[in-house]
Amino acid sequence: MLPSLMELRLSGCELGHSSPHLSMINFTSLAIFDNGCVFDRLESLHLAGNELKGSIPSVIGNFTSIISLNLEVNQFEGKIDHLLRDLCRLRELWLGSNNFSGTMFESSERFPCAANSLEELRLNDNQLNGQLTNQLGLFGKLILLEIYNNSFSGSIPLGIGKFSNLQYFDASRNQLNGSLPESFGQLAKLEWLDISDNSLEAYPLEMIDLSFNHFNGSMPTISSVTSVEPFTAVFMGNNLLSEAIPECWNKWEDLLVIRLENNNLFGNIPSSIGYLTNLQSLHLHNNSLYGGLPLSLQNCTSLVTVDLGENKFVGKIPQWIGTSLSGLRVLSLHSNKFHGDIPLELCNLTQLQILDLAHNNLSGSIPKCFSNLSSMNTMEHSEITFSDGHAFESMEHVMLVTKGREAEYSNTLYLVASIDLSDNNLSGHIPSEITRLFYWQTLNLSQNQLTGKIPSEVGDMRCLESLDLSRNKLSGEIPSSISNLTFLSHLNLSFNNLSGHIPTGTQLQSLDESSFIGNQLCGPPLQKSCSSAENITPPGVLGGQGNSGEVNYLHLSLGLGFAFGFWSVLGSLLINMPWTTALYGLLDRLVLKLYGIIFEYF
C-alpha cells in the first residue's frame, strides 16, 4: 500500500492524497511511482506536520528537479549536509521543528548547487549547534533565514554581509556571543531582524536604514534588537508607513538621528521621545501628524535639526524652542497650522542658519530681534558633527524653497543661511534691523500683510541670492541700494504698491519683468518707460516748488542757445591762425565761466 503523502507535486503529472494519518514512511517505497513520472521531474514535496522519524534517506538526492521541500514538524534527526548535494534547483528548504543535530554546512564543497539557488532556509527549533561559519555566506540568494531556538554559539560570521537579498533574519534564542560584524550593515533589504535572547555585546552597527522602499502599515518591528546597543540612527523615510509612531523611544537613548519623513504616519509625536537626550536630528516632515508639540521634546537639548514641516500640527509655536534647544541650526515648521505671534525667544537661537515658518497662520509683526541671529551674520560656519564624531552633513538632507524652487541641501548645509516666513498673516513694517544679517542667502516674506517701505539698507545684505517680498502691501520706491546686491539672482517684488523707476543695476535689468508686475513701476526690465520728468528731473533736483520746473527749463534752453552761437563765432575766428594764439587765453576764461553758468542749474 502506498504510504500517505500530504502533498506531492510533479511537473506534468500529480500524485494526490491518501489517508490523513502517517506514523511511518519508507522513502524507498517511492520507487513504486511508475505512472509515467520520474523523480527528476518532481518539483515540490511537502510532508510537514506528521510523525516521520529517522534520518532523511539519500533517495531524496534523486529529486534533481525539486524546488520546494517541506519536512517541518516531524521527528527527523541526524545531519542535513547531504540533503543539498545534488539539488541544484532547490529554492525552499523548510526543516524546522525536528530533531536535527550537529553543525550546519561544514564544507561548501558538499552543496555547490543549492548554494546558488536557495532562497528560503528554515532550520528553527532543532538541536543544531556549533558555530555559524563563513560558509553560510555562500547562500547569497537567501531572502529568508530562520535558525532560532537552536544551540548555535560563537559570533555571527563576516559572511553575513553577502546576503544582499536577505529580508528576514531570525537567530533568536541561541548562544551567540561577541558583536555583530560591520558587514551586517550591508543588509540593505532587511525588513525583519530578531537576534534577541543571545549573549551578544555592543556592536558597531550604527544605523537601521530601511528608507526608500515600499514598507506599509505600522513601523517595522525593531524592538527585538534594543538590547544590542548602541544604534545611533534610524532611517525609515520615503516609505508608505502608516498608523501612529510607537511609544518605544525610552529604549533608544543613544539615538542621534530619526528620519521618518515622507510617510503616512498620523497621531501625536510620542512623549517618550523626550528620553532621547542625545538626539541631534529629527525629521518627521510630510506625514499626517497632528496636535501640539509635546512638552517632553524640550528635553532633547542636543537637537541641531528639527524638521516637522508638512504636517497638521496646531497651536502656538512653543517658547521653549528658543530657550531649551539653544543649539538648533535648522528649524522647519512650514506647512502646518501654527498660529499666533512668532515667539521672541527664537531670537536666542544664535546658531540658527535656517528658519522656515512658511505656510502657517502666524500673525503679528516680524521680530526686530532677529538681528540677534548672529550665525546669519558670518560666513564662517563650522561643519556640524555628531557627538560620536560622524559628519553631520553625510546624514542630513533638508529641503528648502530658494530662488523660487525647492532644492535639497546636504553636504553644503552648513554654508546655508535662510529665513522663510511666507504665506502667513504677518503685518507691520519690515524691520530695518534684519538688514544687519549681512551673510544670509535667502529671505522670503511673500504673501503676508506687510506695509511701509522696503528698508533703505536692503543693499547691506550683500550675500543675498534670493529675495521675495511679493504679494504684500509695501509702498514707496525701490531703494537704490538694492543695486548693491550683486549676487542676487532671484527677486520678486510683484503685487505690492511700489512706485517710481526701477533702480539701474546689472542684476536688476537682467531679471524677468514678472518680478515687478502689479505695481506702479517703470523702466527696464518693464516695457513701460518712465516719463522725462521721472528720468531727468526727479522732484527737488532743480530747486523750488510749484512751477519752478518750467523756469528752469527756460534757463536751460537759453544757456544752450548762447553756447551754440558763441562757438559759431569763435569757430570762424579759429580758422584764421594768427588769431588763434591771441584768443587761447580769452577762450579758456570764457569757456570756464560759460560752463559754470550752465551747470549751476543741474
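What counts and how
Residues numbered from 1 in each chain as written. Predicted model: local features only at pLDDT ≥ 70, side-chain atom pairs only at ≥ 80, totals over all residues. Heavy atoms only, no water. Pairing = 2+ DSSP bridges. Helix = DSSP H or I, 4+ residues; strand = E, 2+ residues; numbered from the N terminus. pLDDT = per-residue confidence, 0-100. Contact = heavy atoms within 4.5 Å.

**With respect to the sheet that holds strand 26 (residues 312-316)**
1) Next: Across the sheet, five strands lie side by side as 22-24-26-28-30; this open sheet has parallel pairing. The open sheet terminates on both sides in strands that have one partner only, identified here as strand 22 (266-267) and strand 30 (361-363).
2) Next: Direction of pairing for strand 24 (residues 288-291) relative to strand 26: parallel, over a ladder of two bridges. Directly across from Gly 291, in strand 26, lies its bridge partner Phe 313.

**Topic: the confidence of the model for the protein chain**
1) Next: Of the residues in the protein chain, 71% reach a pLDDT of 70 or more, and the chain-wide mean stands at 77.
2) Next: Every residue in residues 1-7 is under pLDDT 50, and counting partners more than four places away or in other chains gives 30 contacts.
3) Next: Throughout residues 533-558 the model reports pLDDT below 50, and contacts reaching past four residues in sequence, or to other chains, amount to 13 contacts.

**Description of the pairing of strand 26**
On a regular strand, each side chain points to the face opposite its neighbour's, so the side chains alternate between the two faces of the sheet.
1) Next: Summarising the sheet, strand 26 and strand 28 (residues 337-341) pair through three bridges and their orientation is parallel. Bridge pairing in strand 28 links Gly 315 to Phe 338.

**Looking at the environment of Thr 103**
1) Next: Position of Thr 103 among the secondary structure elements: in the loop between strand 8 (99-102) and helix 1 (112-115).
2) Next: Spatially, the C-alpha atoms of Thr 103 and Gln 131 are 7.3 Å apart, while their sequence positions differ by 28 residues.

**Some points on unusual backbone geometry**
1) Next: Note that the residue after Pro 524, namely Pro 525, is joined by a cis bond; omega there is 10°.
2) Next: By the element assignment, Pro 525 lies in the loop between strand 41 (520-522) and helix 4 (532-536).
3) Next: The backbone of Glu 243 shows a phi angle near 70°, a positive value even though the residue is not glycine.
4) Next: Positionally, Glu 243 belongs in the loop between strand 20 (240-241) and strand 21 (257-259).
5) Next: Residues other than glycine seldom take positive phi values, yet Arg 471 does so here, at roughly 55°.
6) Next: In this fold, Arg 471 is placed in the loop between strand 37 (466-468) and strand 38 (473-476).

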